[in-house]
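One-letter residues, chain by chain:
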Amino acid sequence: VFIFAGQSNMAGAANASNLTNVDIKDLENAQRNISFVNNGNKSIPLNVTTPAAWKRKKFQLDSCFGPEIFFGIELSKKHPNKKFLFIKRSKGGSSLYGSWNSNWTKDKAQYMGELNKPKLFYELINDVDRELSKYDKSDYQIMGMLWVQGESDSSQKWGPLPSDTYRDNLTNLIKSLRSKFKSSEMPFMILQVGSKKIGNAMKQVSKELKNV
């Protein structure tokens, strides 16, 4: 099991029409052993997604994908005889200070303009719990999580608080997820996005916590 979470760059706006014939063949091969659950939807073989109307118009694309596609392709090449489950929860414009905060409060969500938006930390946990409840515990292992988020907390619109607290919030996120998933050393992979301050916070966390 691999878990994917974050904001717009995790949701993905890569144009699927730019996939080469080789890429498409590789994806077809990966579909044989990788199941994909995206934002609580039904499990399907790993595939590109149909964008929302606004994204289709903004980026001029009919289908798109995020990091899971080529991560999955390379993973299936390395381990062609293993079965994988990808569980992804993402939402563009979402912050770690607000929606993704493992210590979510109304005040924090309101500060980021996210009071009426999903509590993504808890939605991700629900997604994982729901999917894994379909299996015996001896049938799976959580192998790692990929995190692509940081732009919203970088924005000067909200002042320095979100970026100043990013290090602590990211540390709490990782520790809380590892605790929830009963995987104390779950590898946590960060794709660096956002401001220099956010990037530095990510680097600090990677030095302070094991397997980050």
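Above: the structure in question.
Computed from a predicted structure; not experimentally measured.

Conventions we followed
- Residues numbered from 1 in each chain as written.
- Predicted model: local features only at pLDDT ≥ 70, side-chain atom pairs only at ≥ 80, totals over all residues.
- Heavy atoms only, no water.
- Salt bridge = Lys/Arg side-chain N within 4 Å of Asp/Glu carboxyl O.
- Helix = DSSP H or I, 4+ residues; strand = E, 2+ residues; numbered from the N terminus.
- Buried < 20%, exposed > 50% of the residue type's maximum accessible area, 1.4 Å probe, protein only.
- Axes fitted to C-alpha atoms, helices over the stretch in contact; angles between N-to-C directions.
- Parallel < 35°, antiparallel > 145°, perpendicular 65-115°, else oblique.
- Left-handed = near helix turned anticlockwise from the far one by under 90°.
- Contact = heavy atoms within 4.5 Å.
- Core = buried A, V, L, I, M, F, W, Y, C linked by side-chain atoms within 4.5 Å.
- Pairing = 2+ DSSP bridges.
- Expected span 1.5 Å × (residues − 1).

J.: Would you take a moment to explain the pattern of salt bridges for this structure?
T.: If the charged atoms of two oppositely charged side chains come close together, the side chains can form a pair. The full count for this structure, using the stated rule, is eleven salt bridges. Close ionic contact of Arg 89 with Glu 123 constitutes a salt bridge, the shortest N to O distance being 2.9 Å. Residue Arg 89 is located in strand 6 (residues 84–90), and its partner Glu 123 is located in helix 6 (residues 120–132); the two are separated by 34 residues in the primary sequence. Arg 89 gets classed as buried once you look at its relative accessible area, which sits at 13%.

J.: Could you clarify how one ought to interpret the packing of helix 2 (residues 21–30) against helix 4 (residues 68–78) in this entry?
T.: For any two helices packed against each other, one specifies the inter-axial angle together with the distance between the axes. At a minimum axis separation of 9 Å, helix 2 and helix 4 run at an interaxial angle of 65°. Between helix 2 and helix 4, the angle falls in the class roughly perpendicular. Here the hand of the crossing between helix 2 and helix 4 comes out left-handed. The residues of helix 4 that touch helix 2, namely those facing Asp 23, Asp 26, Leu 27 and Ala 30, are Ile 69, Phe 70, Gly 72, Ile 73, Ser 76 and Lys 77.

J.: When you look at the nonpolar core in this model, what are you seeing that I'm missing?
T.: Taken as a class, soluble globular proteins show a tendency for nonpolar side chains to be buried jointly. Among the nonpolar cores identified, the biggest contains 30 residues, and Met 145, Trp 147, Leu 170, Leu 177 and Phe 188 are the most heavily contacted of them. When residues of this core are traced back to their parent elements, those giving at least two are strand 1 (2–6), strand 6, helix 6, strand 7 (144–148), helix 9 (166–180) and helix 10 (196–208). With six residues, the top contributor of residues to this core is helix 6. Beyond its immediate stretch of four places on either side in the chain, Met 145 contacts Ile 3, Ala 5, Leu 124, Leu 177, Met 186, Pro 187, Phe 188 and Met 189. Core analysis: the second largest hydrophobic core is formed by 19 residues, Phe 4, Leu 19, Leu 75 and Val 193 among them.

J.: What is the right way to look at the sheet that holds strand 6 in this model?
T.: Strand-to-strand pairing in sheets goes through backbone hydrogen bonds, with the strands running parallel or antiparallel. Spatial ordering of the open sheet is given by 4-3-6-1-7-8, a layout of six strands whose pairing is mixed. The sheet terminates laterally at strand 4 (44–45) and strand 8 (188–190), the two strands that pair on one side only. Across three bridges, the pairing between strand 7 and strand 8 is parallel. The partner of Trp 147 across the bridge, within strand 8, is Ile 190.

J.: Explain helix 4 to me, please; I cannot follow it from the model alone.
T.: Note: α-helices contain 3.6 residues per turn, so residues at a spacing of three or four share the same orientation. Regarding helix 4, the residues found buried are Glu 68, Ile 69, Gly 72, Ile 73, Leu 75 and Ser 76. On its buried face, helix 4 sits against strand 1, helix 1 (8–11), helix 2, strand 3 (34–38), strand 5 (64–65) and strand 6.

J.: Can you walk me through the pairing of strand 7 in this structure?
T.: Regular strands place their side chains on alternate faces of the sheet. Within strand 7, five of the five residues are buried, which leaves it mostly tucked inside the rest of the structure. The alternating pattern of strand 7 places Gly 144, Leu 146 and Val 148 and Met 145 and Trp 147 on opposite faces, both of which are buried. Sheet topology note: the strand 1/strand 7 ladder contains five bridges and is parallel. Pairing of Phe 2 across the sheet is with Gly 144, part of strand 7.

J.: Explanation requested: the pairing of strand 6 in the structure shown.
T.: Burial analysis of strand 6 places seven of its seven residues in the buried class, the great majority of the element. A two-sided burial pattern is seen for strand 6, the buried positions comprising Phe 84, Phe 86, Lys 88 and Ser 90 on one face and Leu 85, Ile 87 and Arg 89 on the other.

J.: What should I look at first to understand unusual backbone geometry in this one?
T.: The general pattern is negative phi for most residues beyond glycine and trans for most peptide bonds. A positive phi angle is found at Lys 182, which is not glycine, with a value near 55°. Mapped onto the fold, Lys 182 is located in the loop between helix 9 and strand 8. The backbone phi angle of Asn 211 is positive, close to 60°, even though this residue is not glycine. As for its placement among the helices and strands, Asn 211 is situated in the segment after helix 10.

J.: Is there a simple way to explain helix 9 in this structure?
T.: For helix 9, built from 15 residues, the straight-helix expectation of 21 Å at 1.5 Å per residue is met to within 8% by its first-to-last C-alpha distance of 21 Å. Along helix 9, the residues that are buried comprise Tyr 166, Asn 169, Leu 170, Thr 171, Leu 173, Ile 174, Leu 177 and Arg 178. Phi turns positive one or two residues past the end of helix 9, at Lys 182, with a value near 55°.

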